[in-house]
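# Geometric and topological summary
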Amino acid sequence: MTNSIEQKIIHHVLDAIADQKLHAGTKLGEQELVGVFSCSRAQIRRALAMLTGYGVIDLIPNKGAFVSTPSERESRHVFEARRAIEATICKNTVQNAKSPEIARLRAHLVEENAVTAQTSRAEVLRLSRRFHMILAEIGQNDVLGQYLEELTLRSSLILGCYGTQRSSLCATGEHEKIVEAIEGGDADLAAALLDHHLSHLENDVDFSARRGSATALASILDVAT
Ligand SMILES: [Zn+2]
């Protein structure tokens, strides 16, 4: 990713979603964003178009841009696509991982292990996402890397919407086991561990969280009647 103003806007929007400050369905007003980022309307439009391409924002004609609300079905499809793509990425990674690549992965694990209760949810999500992107970079299939970039961004939105606890974020211990398998050159084990890790991540997403708010609304209506 380039370090343009558009990328800055994208990262801020994604961080706010991951931090659960920016909720699904929230309108992202162009004029307001121009003020926040001190940039042009054209730059805002480009950033919003890119976020739309990532499936994180919905652009509705004559209404504007809104944070997408991924359904449970769509969310499960995102995880299914990740499992399919990351299985191949993982095998490529094992093939390409020599000492410098293993050192890079280990250095990343040190960063993940340094996370404390004070670390923001956005930062934890960013580190988790980065681990998977490093595997893709080592795998060296740029097309798969691009797909994974979109899918991990959409995962961030899903975890921002439905992940209510830290347990719904990547478990560092699982990343560590994957790195050990890569270091041992065992492609099948690494792919199996990664598949298990992604299933674990999906199973920890609490889709009832949003249904819960609907129940709360229903009970409010009950009181009113
Ligand atoms: Zn992970």
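Residues numbered from 1 in each chain as written. Predicted model: local features only at pLDDT ≥ 70, side-chain atom pairs only at ≥ 80, totals over all residues.

Bridge count between strand β1 (residues 27-28) and strand β3 (residues 64-67): two bridges; the pairing is antiparallel. Its bridge partner lying in β3, lysine 27 is registered against phenylalanine 66. As paired strands, strand β2 (residues 57-60) and β3 are joined by four bridges and run antiparallel to one another. If you follow leucine 59 over to β3, its bridge partner there is alanine 65. Here β2 folds back onto β3 in antiparallel fashion, the turn holding three residues, of which asparagine 62 has a positive phi close to 65°. (Pairing = 2+ DSSP bridges. Helix = DSSP H or I, 4+ residues; strand = E, 2+ residues; numbered from the N terminus.)

Another point: the packing of helix α1 (residues 5-18) against helix α3 (residues 41-53). Running from N to C, α1 and α3 cross one another at 55°; their axes reach a closest spacing of 9 Å. The angle between α1 and α3 places the two elements in the oblique class. Where α1 crosses over α3, the handedness of that crossing is right-handed. Residue-level contacts link Ile5, Glu6, Ile9, Ile10 and Val13 of α1 to Gln43, Ile44, Arg46, Ala47, Met50 and Leu51 of α3. Taken together, the residues of the contact of α1 with α3 break down into eight nonpolar, one polar and two charged. (Axes fitted to C-alpha atoms, helices over the stretch in contact; angles between N-to-C directions. Parallel < 35°, antiparallel > 145°, perpendicular 65-115°, else oblique. Left-handed = near helix turned anticlockwise from the far one by under 90°. Contact = placed C-beta atoms within 7 Å. Nonpolar A, V, L, I, M, F, W, Y, C, P; charged D, E, K, R; others polar.)

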